[in-house]
Amino acid sequence: MAAPANAQQQPQVQLVGGRKVVDEVSGWLRVLDDGSVDRTWTGPPEALPLMEPVPPYAVPRDGHTLHDLPGEPNLRVYLPEAKAEGGARLPVILQLHGGGFCITHPSWLMYHHFYARLACAVPAVVVAVELPLAPERRLPAHIDTGVAALRRLRSIALSEDVSALDDPAAALLREAADVSRVFLIGDSSGGNLVHLVAARVGQEADAGTWAPLRLAGGIPIHPGFVRATRSRSELETKADSVFFTLDMLDKFLALALPEGATKDHPFTCPMGAQAPPLESVPLPPLLVSVAENDLIRDTNLEYCNALRAAGKEVEVLINHGMSHSFYLNKYAVDMDPTTGERARELIDAIKSFISRH
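What counts and what doesn't
- Residues numbered from 1 in each chain as written.
- Predicted model: local features only at pLDDT ≥ 70, side-chain atom pairs only at ≥ 80, totals over all residues.
- Heavy atoms only, no water.
- Helix = DSSP H or I, 4+ residues; strand = E, 2+ residues; numbered from the N terminus.
- Contact = heavy atoms within 4.5 Å.
- Pairing = 2+ DSSP bridges.
- Axes fitted to C-alpha atoms, helices over the stretch in contact; angles between N-to-C directions.
- Buried < 20%, exposed > 50% of the residue type's maximum accessible area, 1.4 Å probe, protein only.
- Polar contact = N/O pair within 3.5 Å; in protein donor to acceptor, adjacent residues only side chain to side chain.
- Core = buried A, V, L, I, M, F, W, Y, C linked by side-chain atoms within 4.5 Å.
- Domains from an automatic or database assignment.
- Salt bridge = Lys/Arg side-chain N within 4 Å of Asp/Glu carboxyl O.

**Student:** Got a minute to help me understand the environment of Pro 73 in this structure?
**Tutor:** Considering the arrangement of structural elements, one finds Pro 73 in the loop between strand S6 (64-69) and strand S7 (75-80). For the pair Pro 73 and Arg 151, spaced 78 residues apart in the sequence, the C-alpha separation amounts to 9.9 Å. Among residues more than four places away in sequence, those in contact with Pro 73 are Val 129, Glu 130, Thr 145, Ala 148, Ala 149 and Arg 152.

Okay, here's the thing in structure tokens:
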């Protein structure tokens, strides 16, 4: 006998460990009815290797060593063997990872392969920051953590007694890093944080509270700048990766922005009416990387144009033929000649930008 019509229409209840799923971002995370979040990857298994954590190593590999520095916040430090000219200390690249403010970790292979390479190419000390994740911790928690990472970096630099530092990695960092040349770099949503952290530091810089640390530049790569209304590129560009879709974008930002906020919030639309006028925002020189085939290409370019109109120093690199965060896909970078060449162009542009600032 067929089931009653009303029984057939009952929605299927998803359970994880006996708890009900109340919200989901396909493949990436499930919010459960007790407020906890399950981030077990349920998408294509071939993507899993990119999410494998890379353990630290003190013995050099491929021209660098890798160190974890636990604390508030946790840091991961890439130290290249290459030295600056004349034995000077190296500039610092502070990495703010992406993931829509909700997922990923700086230890993942997808970040490791690029930032280890960048550290050696510049050369620079790369310091990756472990950021909080929404929805457990919504914005502005990520901005607070980015600022805290800079404060920790400054504290390490100011330590007069290397032997007094509580971690050998901190001593190595202090010896290698020139904190008068710190560059913020961010992937996707981390690109938003480059703008937001730099603006907050700039507001305090006149008081001398940051010396000797100085923000010399910012490098947002494919930042997650959007508006509440769809841009033309969002409507017309086809998503070609499980790593970035419009559904992901909408759901992650709904989980990460302050309760009740729309995508027109200053955290995601710094060029919009709700944000402070860009003329009034203290920002260092910026290099903004925009992927030609990115779903949010148009709002990325709108951000760049707004910066120029506000008299800010901004350079724009277009990654021709590339999609959002293409350079983090190690396998495409290694196996596809065009993707590999575009990744090299990105590294060369970052190296050039840092050398001029």
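So, next bit.
**Student:** Would you take a moment to explain the sheet that holds S7 for this structure?
**Tutor:** Sheet strands line up and pair through hydrogen bonds in the backbone, either parallel or antiparallel. With respect to topology, nine strands assemble into an open sheet ordered S5-S6-S7-S9-S8-S10-S11-S12-S13, the strand pairing being mixed. Each having just a single partner strand, strand S5 (57-61) and strand S13 (314-319) make up the two edges of the open sheet. The mean angle between the axes of side-by-side strands here comes to 20°, regardless of whether they run parallel or antiparallel. This element, helix H8 (residues 297-309), spans strand S12 (286-291) and S13 of the sheet and lies at about 155° to S12.

**Student:** Help me understand helix H4 (residues 168-176), please; the structure alone is not making it clear to me.
**Tutor:** Each turn of an α-helix holds 3.6 residues, which means side chains three or four residues apart point in the same direction. For H4, the full list of buried residues reads Ala 169, Ala 170, Ala 171, Leu 173, Arg 174 and Ala 176. Buried residues along H4 sit in contact with S6, S7, strand S8 (90-96), strand S9 (125-129), helix H3 (141-158) and strand S10 (177-187). Structurally, the start of H4 carries an N-cap: the backbone nitrogen of Ala 169 is 2.7 Å from a side-chain oxygen of Asp 167.

**Student:** Looking at this structure, I do not really get the nonpolar core. What am I missing?
**Tutor:** Within soluble globular proteins, side chains that are nonpolar generally end up buried alongside one another. Within the largest apolar cluster, 115 residues are counted, with the highest numbers of intra-cluster contacts made by Leu 150 and Ile 350. The leading source of residues in this core is helix H2 (residues 109-121), at eight residues. Both domain 1 (12-43) and domain 2 (44-356) contribute no fewer than three residues apiece to this core. If we skip the residues at most four places from it in the chain, Leu 150 touches Leu 94, Val 182, Leu 184, Val 197, Val 201, Trp 210, Leu 213 and Leu 215.

**Student:** Where do I start with unusual backbone geometry in this structure?
**Tutor:** If a residue is not glycine, its phi is most likely negative; likewise, a peptide bond is most likely trans. Of the consecutive residues Val 122 and Pro 123, the connecting peptide bond is found in the cis state with omega at -15°. Relative to the elements of secondary structure, Pro 123 occurs in the loop between H2 and S9. Note the cis peptide between Ala 134 and Pro 135, where omega equals 10°. Tracing the chain through its elements places Pro 135 in the loop between S9 and H3. Even without being a glycine, His 222 presents a positive backbone phi close to 50°. With respect to the element layout, His 222 can be found in the loop between strand S11 (215-221) and helix H6 (232-236). The exposure class assigned to His 222 is buried, which follows from its relative accessible area of 0%.

**Student:** Would you mind going over the side chain of Lys 263 with me for this structure?
**Tutor:** Among the structural elements, Lys 263 can be located in the loop between helix H7 (246-256) and S12. Using a relative accessible area of 13% as the deciding quantity, one classes Lys 263 as buried. A distance of 2.8 Å separates polar atoms of two side chains, one belonging to Lys 263 and the other to Asp 250.

**Student:** Looking at this model, I keep getting lost on the pattern of salt bridges. Mind explaining?
**Tutor:** Side chains that differ in sign of charge can pair as their charged atoms come close. Tallying each qualifying case throughout the model produces 20 salt bridges. For the salt bridge of Asp 34 with Arg 19, the shortest nitrogen-to-oxygen distance reads 3.4 Å. Within this pair, whereas Asp 34 is found in the loop between strand S3 (29-32) and strand S4 (37-38), its partner Arg 19 is found in strand S2 (residues 19-25), the two being separated by 15 residues in sequence. Given the relative accessible area of 48%, Asp 34 is considered partly exposed. Here Arg 76 makes a salt bridge to Asp 68, at a shortest N to O gap of 2.8 Å. Connected via shared salt-bridge partners are Arg 230, Glu 234, Asp 250 and Lys 263.

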